[in-house]
Structures are given as C-alpha cells and as structure tokens.
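Residue-level structure breakdown
Each chain is listed here by its residues.
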Amino acid sequence: MNNVFVYCEIEDGQVAEVSLELLTKGRTLANELACSLEAIAVGHNLEGVAAQVIPYGVDTLYLADDKRLYPYQTLPHTSVVVKLFREKEPQIALLGATSIGRDLGPRVSSALNSGLTADCTSLEIGTHFDRRANKNYESLLYQIRPAFGGNIIATIINPDHRPQMATVREGVMKKSILDPKYKGKVVQLNVADYVDDSDFVVEIIERHIEKSRLNIKGAPIIVAGGYGVGSKENFNLLFELAEVLGGEVGASRAAIDAGYVDSARQIGQTGITVRPKLYIACGISGQIQHRAGMEQSAQIIAINTDPEAPINSIADYVITGSITDIIPKMIKYYKKNTK
Amino acid sequence: MKAYSIIVLAKQVPDTRNVGKDAMKADGTVNRAALPAIFNPEDLNALEQALRIKDRYPGTTVKILTMGPVRAAEVIREGLYRGADGGILLTDRAFAGSDTLATSYALSQAIKKMGKTDLIIAGRQAIDGDTAQVGPQVAEKLNMLQITYVEEVAELKNDTIILKRRLDRGVETVKCKLPLVMTVNGTAPECRVRNAKLLMQYKRARTITELQRENEDYTHLYNERSDLNIAEWTVNDIETDSSQLGLTGSPTKVKTIVNVVLQAKDSKVISDSDADIENMMIELIDSHVIG
Ligand SMILES: Cc1cc2nc3c(=O)[nH]c(=O)nc-3n(C[C@H](O)[C@H](O)[C@H](O)COP(=O)(O)OP(=O)(O)OC[C@H]3O[C@@H](n4cnc5c(N)ncnc54)[C@H](O)[C@@H]3O)c2cc1C
C-alpha cells in the first residue's frame, strides 16, 4: 500500500527507455520513503516484461495482458490503471511524457481527482508546512519544472490528493539497473475485472511507428542550431559540421517552429535531454527551457552574434560572431589538424 | 446531411515564443504585461478543424468556449472573424488560481450547460504551460472518449469519424463514433485568416463587462443586433461544486518559485578570427573532446 508506481510503456514487447528511467528514479524515491516500487504494464504478449523491469528494483509488477490491450488505447488503459490505483492507493505515480503518457496521465488524474504535473525535470522528496491550515506535511513529492517563458523554476506539490502524479520526458532521468538478480514478484491481473467491453470503442485502422530513431541522445557531439541560424539552408552548415565531427544535429524549439528542421531534433524541457561530451550551440539564445535539456553537457561552445546571450554564461567557449563565418572555419581547422 | 454541433476550447495565452529582453524586469523576473496576449496557436488549429466541418456540413454550429479574464473575449472575436458562430466567455474570480484539473472541471460544467454537443475540439496544449492536460481531463469529466494529437479528419459520416493522429514516433489512423473530444496538433493545417466581411460584422462584438468598461452608449446597437453580444458566464451561470473550483479545487499547489540565477562558468571568450578558432579546435582535439 502507498507505494511508488511506474506505468511502463510497451512497444512490441519492449519496455520504453523512458519507463526504465522512471523505474530508476522510482526506486530512489521508494528507498527514501521506505516503501516498495511497483510497476504496471498493459498490453499483449507481456512475457518478456518482467525480465526487463525487475532488475531496476521493481518489487511487484502487475501485468494486464490481453490481445485487445495492444496497441495502446485511451479508455481501456485508463480503466486498468484507475482501477488498480483505487485498489493499491499509490502515493506516487510516474509516467513518461510521451504520446501515451500525456494521453493517459491527465485522464487518470481527472478520474482520481489527483494532481498531475507535466514535464518535470527533477523529482525529490521533501516536507511542506501549510501556514494557513497550520499543517505539516512529511514526505511530499516535489515536482520540479521550469515554468513560464523562462527563468523561473517552480516546485509543485499535491498536499492532499493521491497519487501524486508526474510525467517526465525521455532522457531527463538516468537509467541504471539496481541488481540483475533482483527478486520481484509478478501479478497477472484478470483483465475482465479491470476493463469493460464498452471501453473498446476505437478501431485502429492503421498504425506506423518508427523503430530506428535519430540517436541524438547517445551522440557524443551535438551541433545544435537555433532561430539565429536563419534558414534551412544555413542548417546544412550544421549538418556538415556534425558529420565531420561524428555527431548529430539538434535544435531549439524556435528553430523547429520556424521549420528549419524536424521536431524530433528538439532539445530542451519539452524535447529531449542530452549530456554529450561536446555541445555546440549555434544561434541559440539559451532560454531556460532549452538549457534544461543540455546544460549537463561536458563542454559547451556558444556561437552567437550577441555577446550578452544567456547561453554564453554556461559555455566553456564563447565565440561572438555569425555562424555563417564561424562554422566553415571550424570545419576547415578541424580537418587541417586531424590529418 | 447531418449538421453538427461543435465546441472549440480556446485559451488566451501570453506569447511565450517571443520572450525578448524587455520581457524581463531588472530583478530578473518575467514582466507578464510586456508579453502580448494571443490566441493559443494550437487552439487555432483546432478552430480550423471545426470550420472545415462546418464548410462541409451546412447548418453545423461552431461555438468557442474560453475561460479567462475579460480581455480573453478577444479570443472569441478572433473566432467570429474566422467563421465561428458565437462563443462563451467563462470569467469569475472563483476560477482564479485553477490548475488544469480545476480548469477542466469548470469547462466541463460549462459544456454541460451548452447543450448537446457532437464534437469538442481543443488544441493539444497551450504554449504557456505545455501540459496537454485540459483536453483529456475535460473528456474524462464528461465521460466522453478522447482522441488526442489529431492532424486530419479523414472522414466524417453521420456519427462515424476517421481521424489521423501524429504520435511521437509515428502516425495512427483511428475510427470511432461521436460524441468525442479531440485535441489537435500544431502540425495540422493552419487556421484560415480573418474574413474581411466577418471582421466588419463582428468588430463591435462585446461581452457585457466590456461594454460597461468602454463606457460608450451603443445600447440601441446591442438591442438590435443580438449577434454582437458575446455571452459572459460567471460561476453563477453554471452548476458547480465550489470545492472543485479555483485554488481550492486544484490538487497541485505551487510551493516555491525560484528565479534562475545563471551560474556563470569561467568561459573562454574568443573572437571569430582564424587564429582563435584554429586554437580552439586544436585544444579540443588535444583534450580528446573531438577527433
Ligand atoms: C513551456 C515551454 C516549453 C519550452 N520548451 C522548449 C524546449 O524544449 N526547447 C527549446 O529550445 N525551447 C523551448 N521553449 C522555448 C524557449 O523559451 C525559447 O523560446 C527558445 O528556446 C528560443 O530558441 P532560440 O534560442 O533558437 O531563439 P532566440 O531566442 O530567438 O535566439 C536566437 C539567437 O540567435 C542569435 N543569432 C542571430 N543571428 C545569428 C547569427 N548569424 N549567428 C549566430 N547567432 C545568431 C541571436 O543573438 C539570439 O541569441 C519552451 C517554451 C515554453 C514556454
């Protein structure tokens, strides 16, 4: 009872990266709260899930396995999760901030009348004193996220409602196996007790999910471009530099909104979080939502025409000038000195 | 041919995409007043989907529902200029401090009062919070099906609809029955521009509070032209349980807000000269960061 729960997303029997990252975080939170870590997977052919998740320190894994539960659909998945949460009364529930988690999370929170905080960048346990009610709260989940146009970080709490729910983007938390031989138990739910036939009202006519993704998260070097890159054509310079250095191209949201590159490349609070050896920020001002996704890079180079750009303050190298001048020079001198 | 009754959920938001230097006060906090208030971009995509259905099925009505301060009536006028049939501004101090759940509760109670609805269409998310929660939470409160991240209505025949969705890593086409709540992605077609004729027709559309504030006497005009009256509902116009409203009805509370003070690193500031750039590249190669 009152444990930490993680909703595990499954695609083709494979547990999503973000779910494994959340299990890792969930284990840490459960240790601090001296409670168990539990996981729920809803889908079909889930035999392989236990071996994938229990090593992260899962004490109990609930499986709802039924042909009709894969691929994901809002109503049946909501029914399973809501019913299970009503029974188990978790104190914390974590979901990936993915197409699925962002569809399911709010629906579940609305049904349970509990609070949900989207896109957290950090989760901690802490206390809270409510002055008006003169009430002290022990062990609340601090849901920490950047808010409003930049430059503020908000800590959100749910003092009186359970579960305390949060979504987190892929890459924000680090995944790590606790113990390959961890002993956790698996509970098969009797699906008929959890869903109603009337939940299956959507017919999926066609579905196409990319397998191979850009490997931005794993790239040792990232050349990222912002609105200041100026055009799709200028982005080719960034692709060229990334290619020469053996890296990937990332982007700020403004660059994506302007149509310079595909949204899969977005780095930041609402994109992916990266920690490369080298991050080259080209024409990026460095608003907090962008920094949230890259400031843990080992080294940062900022290229910006504005000597006062906020990105400069977290950069190891600050180059003041235009990307159209500087990037060709970087390519040239890299080639010259590595021959 | 069937005509549909559609509600578009729209929000007025500060234009966080254009947070310039002047949007920050000297103490480093955000100067909200300096940010222009706009029609939330994905809500415009939602409106376009509604208007397309109206184009195809004459007799369809599109109403905009927005919750916010009085100035949010602008969102309804923008909708009228583009072809919406009307709108409701839900405005009351009782809604202040609502988180997404309390907002969804208020909206769903207003929707119940608006009568039979076939389709509720909202933008996927608002740019001031990016939470994407209100659409699904409204759907749950109304006990309706939701289809999120819609890019296109591929087919609509009687009560059966086929929708194309954009997912993180792919696409999906689904078929289901109305009534339905759908949320529309920014990758869906952009909203049509204002129609000049409609702009002329509706530029004087006002809510009652706006009229009182403007202090101009157009009473005769508003008596003759009921289409210029934008409905303004307060908490008393809808049935609510006060424990679910505003700050009280919000499970999430903001505990602290911290201004981020940039911890400046010891950066090397270099020029764009050939020599400086070559030196930097050599340093990076020598320290095995690259190469
Ligand atoms: C809820 C929310 C979530 C968000 N999530 C994200 C997110 O995940 N990721 C993200 O990136 N943003 C996010 N944003 C948006 C973020 O606030 C900024 O708007 C965005 O990061 C700005 O992108 P930018 O730095 O490319 O553009 P700008 O701020 O416009 O900066 C452009 C920069 O380019 C420089 N420049 C211009 N010309 C040149 C040139 N020729 N050479 C070199 N430099 C030049 C300029 O000096 C300027 O510093 C979010 C915002 C909100 C409200």
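Before any of the text, the structure's been laid out above.
Residues numbered from 1 in each chain as written. Chains lettered and ligands numbered in written order. Predicted model: local features only at pLDDT ≥ 70, side-chain atom pairs only at ≥ 80, totals over all residues. Heavy atoms only, no water.

This part takes up helix α1 (residues 17-33) of chain A. All names here are of chain A. Its 17 residues place the ends of α1 24 Å apart at the C-alpha level, agreeing with the 24 Å of an ideal helix rising 1.5 Å per residue. Counting buried residues along α1, 13 of its 17 residues qualify, which places the element largely inside the surrounding structure. Looking one or two residues past α1, A34 carries a phi angle of roughly 50°, positive in sign. (Helix = DSSP H or I, 4+ residues; strand = E, 2+ residues; numbered from the N terminus. Expected span 1.5 Å × (residues − 1). Buried < 20%, exposed > 50% of the residue type's maximum accessible area, 1.4 Å probe, protein only.)

This next bit is on the site of the ligand. If you check the shell around the ligand, you find 28 residues, and the closest are A:Y227, A:S252, A:T270, A:S285 and A:N304. Looking at what sits near the ligand, you find residues from chains A and B. Interatomic distance of 2.8 Å between a side-chain N/O atom of A:Q266 and an oxygen atom of the ligand. In isolation the ligand has 990 Å² of accessible area, and contact with the protein removes 84% of it. Listing elements by their share of the shell around the ligand, those giving two or more residues are α7 (253-257), α8 (288-291) and β17 (299-304) of chain A. The residue makeup of the shell around the ligand, split by class, is seven nonpolar, 18 polar and three charged. (Near = heavy atom within 4 Å. Polar contact = N/O pair within 3.5 Å; in protein donor to acceptor, adjacent residues only side chain to side chain. Areas by Shrake-Rupley, 256 points an atom, 1.4 Å probe, with all protein chains shown as cover. Nonpolar A, V, L, I, M, F, W, Y, C, P; charged D, E, K, R; others polar.)

For any pair of aromatic rings, geometry is given as the distance between the ring centres together with the angle between the planes. According to the stated counting rule, one finds five aromatic pairs over all chains in the structure shown. Taking 6.1 Å as the distance between ring centres and 50° as the angle between the ring planes, the aromatic pair formed by A:F235 and A:Y260 counts as tilted. Remark: A:Y260 occurs in the loop between α7 and β16 (278-282) and A:F235 occurs in helix α6 (residues 232-245); sequence separation between them is 25 residues. Across this residue pair, the class does not change: A:F235 and A:Y260 are buried. Members of the aromatic cluster, joined through ring pairs, are A:F5, A:Y62 and A:F85. Seen from the ring of A:Y194, A:K83 lies directly overhead, with NZ or CZ sitting 4.7 Å from the centre. Lying across the ring of B:W233, B:K113 places its NZ or CZ 4.8 Å from the centre. (Phe/Tyr/Trp six-rings, centres within 6.5 Å; stacked < 30°, edge-to-face > 60°. Lys NZ or Arg CZ within 6 Å of the ring centre and 35° of its normal.)

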